[in-house]
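Structural characterization, general
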Amino acid sequence: MVSAHLFAGFAILALAQALPLQSKNAVQSGPGFTAIQPGSYFVEFHSEPAGPNCDKEHAAFAEQIRMAGLVMNTRNTFKRLFNGVAIDLPNTGCLEQIASLPMVKRTWPMQMRTRSVAIPSSNVAPNLLFAHQYTGVEKAHAELGLDGSGIKVGVIDTGVDYMHPDLGGCWKTPGCPFQYGSDFVGNGYDSGTTPRPRPGPDPRDTCDGHGTHVTGIIAAHGSKIRGVAPGVTLGVYRIFGCPGNGTGQAADDVILKALEAAHEDRMDVINMSFGGGSGWSEDPLSVAASRLVSDGIVMVASTGNAGANGLYTSGSPGLGVGVINVASFENWMITSLSIDVVGTKNNVSIVHSSPGNSKIRFVFRTPTQVIAPVDGSGSIEGCASYTERFTGKILLVKRGSCTFVEKAAFAQSAGAVGVMVYNFESELMSPTSVGANVTIPLVVIKGDDGQAILSELNFGRVTITATNRTMSAPNPAGGQISHFSSWGPDPELYLSPAVGAPGGNIFSTFPLALGGYTSLSGTSMASPYVAGMAALILQAKSKRISVDEVRRLILESARPVVDANSTALLSPLRQGSGLANIWDAISALATIDPPQLSLNYTELGAQSSPDVDSAASEGLDDVTIVKRARALALVRPVSQWPGQVVRTLTLRNTSPTNFLTCTMTNLPASAVSSFMANGSFTATPRIWPESNSTTAVARDTQPQAFVEGPVLPIRVAPGDTQRISVRIIAPSGLSQSDKWFYSGYLRFNLLWDDQVGTAQSLHVPYMGYLGDYTKLDILSSPDEGLPFVSVRGSTDAIADDDHLLIDAAHRLSVHYRLEHPTRLLKMQLVDEMNAPQGYLPYGYLEYLGRNYQGSSSHYSNSTINGTLYHDTDLTKPFATAPGTYRVRIDALRPLRNPSDPEGFQTWISPKFVLDSVSLVKNATADKLEVGDSVNYGEY
């Protein structure tokens, strides 16, 4: 399998390299596994998209289906980004016949993507105007007059409330910002439960709000909200229905249809604030996004909100080649909706969270009494029925012991009209109080504000009013990475995310029916910020600039921030190139290619030299060997030393009149690992150097980098280029056995010889794996108790020589955990001689992400139900015979060739005997019961 990273310059990017035919069931997926829509498939034809043979192949396919008498529904046809069709098959047994048609290149199942769940940030909503001060947007607006005019930006999302006055209040009328777009689904659509789209006349969103919020960040131009590029022309392509219809998912063919429409409408920039899929660049939507990049469209995507799950959590389509996937930074100023508290002794204004149910707003325009009663259990937490009535009052309760829904329900039953929950700490969090019978609003307030109200109640009556009045306060976390922002790298050691932007606590537009404005947090909010920046660059350069140049300017002008948990800069696996700054991007008079360096892996002692070999022969450890290699490199440059790599970059002076001089500074960043010193896995990455360590880390034990070749400073003529070779040396303060990703930033200090002495700096992040990446285990350590085989419904592992049976009531489950993504996972039954007998259901899976730590995603399951498969497509089932078997799991190690048996990590179960196998009718993988399906968790 050739990595999709190699295809960026090719005329065609095949859409499907990610899933085989076997996934015919609706499988709930995790970050590495996407839900599959049963009975629905993509069929890809051989010719290139938009080529001369497309129409012929489509016609020939339709004719052959008619002649064969196959029952098939064509959902969508594609000729622009992908040459093929999306189909529904009532009889999935016909799939093999369709796959054998001469024009068919490949078939694969229909994946479903879950809408990105933005995190309600409590209406502690930093106004965009404050963020603009720190990202250069305000300066670009004021001093350069940039607003994105003449640039077309597509938003693929939940639609938009185009009647919002801050967004224009219009649809496709002269002078209206909304000139393009369509509804592809309708309000009632959900690919998991109501999969047939019923598009409306336009993509107006009055029920969700995600797309309206995203659009406001890009292009709002009102009194409350001013977007990054308020003058752009917009195209809105709705791919999600209203929430509450089911799973909140959209099928890939709907998303691809929207991408094709945006491509046909000639969008200059497309924003995709959604994610999921495999977390591989080979994921179908990642490849589609790459195709759009190659066709000259700037593609921007959110990197994901799975930061709590650690490394390898960046999702597709953001991992497509050339796509700018964006991390989230916290905003600097909090502009929030307020509560005015009036007491006997003191009056104060406090901030509150967004309501637990966005459809039930916390609004009290006249003074309403607040009380803090105890519940029936004697607690102030409100987790039991009250013995009194509190008609018309607002209850103040303490957070804890039960859900927000329960607190609201008990208060409502006692006649209360609202609930304020005070937190444990002096910060806000986002509650959820959506319940079938809950009709009163609930919000969270800070812990110290709750205590202040309790104190005031000791002196007498307390009332509150809550309107749409806002108040502002500094955000202590401003400028830091958001806790939810996902980590890289991608499974093939490419750096992710690309860059960061404000996404934590963003106050933006919302559907008028849902209040008009709200604060949300997520990389979904950071992505449109960068999309707006791309529009400003295109306007500033009169669109005479390539997609690659736009990406380079955004990345290289970004400013890396310090890791709050370390003494070094934050790892680029969390922040990418750093916090984007549009003023620096537009003002840049130089570029560097490539803008990021992925070093693959650096194995200490991998290369040999007499001096280093002698160090090894002396019994010295890896640290000493690397220190000796570093000393040797300083006096005698060599193309490769142990623990070292050399990369060549091209510096271009874009000034037409002035010479450029350049020096380089190495800025080490924190190293991260998913494993503790004792070898156990950790979802929260281990950091080095640690900020709370009592032992200072010597700078010379951190990553080193220096320029080889020309003597510094480097001098570059106007409009000319200079190749620069940089030697990067892995940190000597770390052990290979701890599986570290080391990193840093090359800061290029640039000075021009003009009259004012213009000075600028560009940053290029680098990242590498310390050790042999190709030897990493995929499956969890046996110490974690996985993998194992059990009788379905039991967590007790079977023992050697257990006698078992398979029938309608008895199945076996195979439990396993992936601690690293894998290109290929095979699960087979083998006989006593370890000879394969057949694949299990879901026994041949490609491009998988790792398992997360949540209860529903900690491990995955397959089943032994009496059906095996002869082929890797899992289309040729046969019954399992009674006999003696083992389960064999083969997981391909990173960067290894699937055709090399030595490239797999293998686990073999204890031996067991199937005394009898009695299949119920149609008990194949096509008819798996709920307990048989693979449990991959949530994204």
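Above: the structure in question.
Let me begin by describing the structure that accompanies this report. (Residues numbered from 1 in each chain as written. Predicted model: local features only at pLDDT ≥ 70, side-chain atom pairs only at ≥ 80, totals over all residues. Heavy atoms only, no water.)

Taken in spatial order, the five strands line up as β2-β3-β1-β4-β9 in an open sheet, and their pairing is antiparallel. Only two strands of the sheet have a single neighbouring strand rather than two, namely β2 (73–78) and β9 (249–251). Geometrically, the sheet is characterised by an average inter-axis angle of 25° between neighbouring strands, direction not taken into account. Examined bridge by bridge, strand β1 (residues 35–45) and strand β3 (residues 84–88) share five bridges and lie antiparallel to one another. Paired with phenylalanine 42 across the bridge in β3 is alanine 86. (Pairing = 2+ DSSP bridges. Helix = DSSP H or I, 4+ residues; strand = E, 2+ residues; numbered from the N terminus. Axes fitted to C-alpha atoms, helices over the stretch in contact; angles between N-to-C directions.)

To continue, consider the environment of proline 894. Relative to the helices and strands, proline 894 is located in the loop between β42 (883–892) and β43 (904–908). With a relative accessible area of 4%, proline 894 lands in the buried category. Residues proline 894 and phenylalanine 904, ten residues apart in the sequence, show an inter-C-alpha distance of 9.2 Å. If we skip the residues at most four places from it in the chain, proline 894 touches Tyr773, Thr774, Leu776, Ile778 and His820. (Buried < 20%, exposed > 50% of the residue type's maximum accessible area, 1.4 Å probe, protein only. Contact = heavy atoms within 4.5 Å.)

A few words now on the state of the cysteines. The tally for this structure, following the rule as stated, stands at three disulfides. At a sulfur-sulfur separation of 2.0 Å, the disulfide partner of cysteine 207 is cysteine 242. Because the torsion about its S-S bond is -90°, the bridge between cysteine 207 and cysteine 242 counts as left-handed. Here cysteine 207 is found in the loop between β7 (178–183) and α5 (210–219), whereas its partner cysteine 242 is found in the loop between β8 (233–238) and β9, with 35 residues between them in sequence. (Disulfide = S-S within 2.5 Å.)

With that settled, consider the pairing of strand β26 (residues 644–653). The side chains of a regular strand alternate between the sheet's two faces. For strand β24 (residues 590–593) and β26, the ladder comprises four bridges, and the chain directions are antiparallel. Note that in β26 the partner of threonine 591 across the bridge is arginine 652.

As a further point, take the nonpolar core. Counting residues in each nonpolar core, the largest one holds 106 residues, and the members touching the most others are Leu259, Met299 and Ile554. Considering each element in turn, this core owes the most residues, eleven residues, to helix α10 (residues 523–540). Excluding residues within four positions of it along the chain, methionine 299 makes contact with Leu259, Ile270, Met272, Ala289, Leu292, Val293, Val323 and Ile324. (Core = buried A, V, L, I, M, F, W, Y, C linked by side-chain atoms within 4.5 Å.)

The subject of this paragraph is helix α11 (residues 547–556). Within α11, eight of the ten residues are buried, which leaves it mostly tucked inside the rest of the structure. Looking at α11, one finds that the buried residues are Val547, Val550, Arg551, Arg552, Leu553, Ile554, Leu555 and Glu556.

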